[in-house]
Amino acid sequence: MPELPEVETIVRGLEPVLRGARIAAVDVREPRLRTPIAADFTARLKGRRILGMRRHGKFILAPLDDGAIWLIHLGMTGRLTIGSPDRPDRPHDHVVLQLADRRLLTYNDPRRFGRLAVIAADAVPAETAAGIDALSPALTADFLFVRSRRHARTTVKSLLMDQREIAGLGNIYVNEVLFLAGVRPRRRAGRLTRAESARLVTAIRTVLGAAIARGGSSISDYRDGFERSGSYQLRHQVYDRAGEPCRRCGGPLRGVVVTGRSTFYCARCQR
DNA sequence: ATGATCTCCTGAGCGC
DNA sequence: TGCGCTCAGGAGATCA
């Protein structure tokens, strides 16, 4: 569910309220996530102070006062929200942290595809296996062009979604980025031109920036750290719009499957 | 190296 | 109202 803009929105909202907060109690109600929550998770969080919160790709990283890192990935349906002490329990509230000021930080995840772990700071690269962040200045036209040659036989869409290369784009935003850049999802990466690489990099910044400005896309599950919806779904140009008219040329949008994921594009506007 | 397929789960939506 | 089916924002494993 959450891609870079949703994770960024959550982090921007929660960082100021969690920075400096002490974790008074940890309640792991359901450890059976796709990667199970480790047995020592509670012991490694309890009593710690959260120093801050940042994002890399779709990962949330919260450094703790003992040098360790609290690592959070929301998977498809994960939510990390802060609420008052009397907030009622809900189904799928798998982990509830009580802060020293008694507020509750809750991890809720119906499908349980997310991940929660406390890891050593130097283990972050290995644990996330993440490439450069999609909003990093290091993502240049040159970078993308070089990587497109390294993965010449894959599709452009797969390359952009490969978190080991560029971290942050998921299925919604990659569709939107490809539309804005005018590149078809199934194009071989090895046939990208330098000009197209430049357009894609620009499109990534434009789409992700606009989505963050609107608090992300709320299709069904997504809410930010204070349970608020985003509104960028109202601006989607192609995602989930198969058969509907292209907002640019009026032609019918196509819906296909690329590497197992639903994919939407305009055959006239994208080449 | 890469795509296809399957897997982990629950819930929503749809046709009947 | 209910049943069965398909699909969903992620990502890792396996196979060809």
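Given the structure is predicted, the values throughout are model-derived calculations rather than measurements. (Residues numbered from 1 in each chain as written. Chains lettered and ligands numbered in written order. Predicted model: local features only at pLDDT ≥ 70, side-chain atom pairs only at ≥ 80, totals over all residues. Heavy atoms only, no water.)

**Student:** Explain the overall build of chain A to me, please; I cannot follow it from the model alone.
**Tutor:** When you go through chain A residue by residue, the secondary structure sums to seven helices and 12 strands. Computed over the C-alpha atoms, the radius of gyration of chain A is 20 Å, within 12% of the 18 Å expected from 2.2 N^0.38 for a compact globule of 271 residues. Projected onto its principal axes, the C-alpha positions of chain A cover 55 × 35 × 30 Å. Once local pairs closer than 6 in sequence are excluded, the contacts in chain A between residues at least 24 apart make up 63%. If you sum the accessible surface of chain A, you get close to 12,000 Å²; carbon and sulfur atoms cover 50% of it. (Helix = DSSP H or I, 4+ residues; strand = E, 2+ residues; numbered from the N terminus. Rg over C-alpha atoms; globule rule 2.2 N^0.38 Å. Contact = heavy atoms within 4.5 Å. Areas by Shrake-Rupley, 256 points an atom, 1.4 Å probe, with all protein chains shown as cover.)

**Student:** Got a minute to help me understand the side chain of Thr-155 in this structure?
**Tutor:** As for its position among the elements, Thr-155 is in the loop between helix H4 (141–150) and helix H5 (156–161). Within the structure, Thr-155 has its side chain in polar contact with the backbone nitrogen of Ser-158 (distance 3.1 Å). Beyond its immediate sequence surroundings of up to four residues, Thr-155 is in contact with Pro-185, Arg-186, Arg-187, Arg-188, Ala-189 and Val-258. (Polar contact = N/O pair within 3.5 Å; in protein donor to acceptor, adjacent residues only side chain to side chain.)

**Student:** Looking at this structure, I do not really get the layout of surface pockets. What am I missing?
**Tutor:** A probe matching the size of a water molecule, rolled over the atoms, marks out where space remains unfilled. Roughly 150 Å³ of volume is contained in the second largest pocket. Lining the second largest pocket we find Glu-176, Phe-179, Leu-180, Thr-206, Val-207, Ala-210, Tyr-232, Arg-235 and Gln-237. The residue makeup of the lining of the second largest pocket, split by class, is five nonpolar, two polar and two charged. (1 Å grid on protein atoms, 1.4 Å probe; cavity = no way out; pocket = protein on both sides within 12 Å on 5 of 7 lines; lining within 4 Å. Points joined across faces, edges and corners; volume = space filled by probe spheres on them. Nonpolar A, V, L, I, M, F, W, Y, C, P; charged D, E, K, R; others polar.)

**Student:** Explain H4 to me, please; I cannot follow it from the model alone.
**Tutor:** Quick reminder: α-helices carry 3.6 residues per turn. Residues three or four places apart thus point the same way. Of the positions making up H4, those classed as buried are Phe-143, Leu-144, Phe-145 and Ser-148. Residues of H4 that are buried sit in contact with strand E9 (132–133), H5, strand E10 (166–167) and helix H7 (194–213). (Buried < 20%, exposed > 50% of the residue type's maximum accessible area, 1.4 Å probe, protein only.)

**Student:** Is there a simple way to explain the protein's contact with DNA strand B in this structure?
**Tutor:** Neighbouring residues of DNA strand B: Arg-34, His-92, Pro-110, Arg-111, Arg-112, Phe-113, His-151, Ala-152, Arg-153, Thr-154, Thr-155 and Thr-259. Sugar plus phosphate, as a fraction of atoms of DNA strand B within 4 Å of the protein: 64%. A distance of 2.8 Å separates a phosphate oxygen of DNA strand B from a polar atom in the side chain of His-151. Contacts to DNA strand B include Thr-154, whose side-chain N or O atom sits 2.5 Å from a phosphate oxygen. In terms of residue class, the surface near DNA strand B is built from three nonpolar, five polar and four charged. (Near = heavy atom within 4 Å.)

**Student:** Mind showing me how you'd approach the packing of aromatic side chains here?
**Tutor:** When we look at a pair of aromatic rings, we describe it by the centre distance and by the angle of the planes. Summed over all chains, the structure comprises two aromatic pairs. Measuring from centroid to centroid gives 5.5 Å for Tyr-239 and Phe-264, while their planes differ by 80 degrees, and the two rings are edge-to-face. Of this pair, Tyr-239 sits in the loop between H7 and strand E11 (254–258) while Phe-264 sits in strand E12 (residues 261–265); the two residues are 25 residues apart in sequence, bridging distant segments of the chain. Residues Tyr-239 and Phe-264 agree in their burial class; the two are buried. (Phe/Tyr/Trp six-rings, centres within 6.5 Å; stacked < 30°, edge-to-face > 60°.)

**Student:** Sorry if this is basic, but what is going on with the domain arrangement of chain A here?
**Tutor:** Often, the extent of an interface is quoted as the loss of accessible area on bringing the components together. For chain A, the assigned domains are domain 1 (4–128) and domain 2 (132–265). Taken over C-alpha atoms, the centre of domain 1 sits 27 Å from the centre of domain 2. The interface of domain 1 with domain 2 comprises 19 residues on the first partner and 23 residues on the second. Counting the surface lost from both domain 1 and domain 2, the interface buries some 1,800 Å², and carbon and sulfur atoms represent 60% of this. When residues of domain 1 are sorted by the area they lose upon contact with domain 2, Leu-4, Glu-6 and Arg-79 head the list and together hold 29% of the total. Its salt-bridge partner being Arg-90, residue Glu-227 comes within 2.8 Å of it at the nearest N-O pair. There are nine residue pairs in polar contact (both at pLDDT 80 or more) connecting domain 1 and domain 2. For the side of domain 1 that touches domain 2, the secondary-structure elements that each account for two or more residues are helix H1 (4–18), strand E2 (54–56) and strand E5 (79–83). The leading source of residues in the side of domain 1 that touches domain 2 is H1, at nine residues. (Domains from an automatic or database assignment. Buried area = accessible area lost by both parts, 1.4 Å probe. Salt bridge = Lys/Arg side-chain N within 4 Å of Asp/Glu carboxyl O.)

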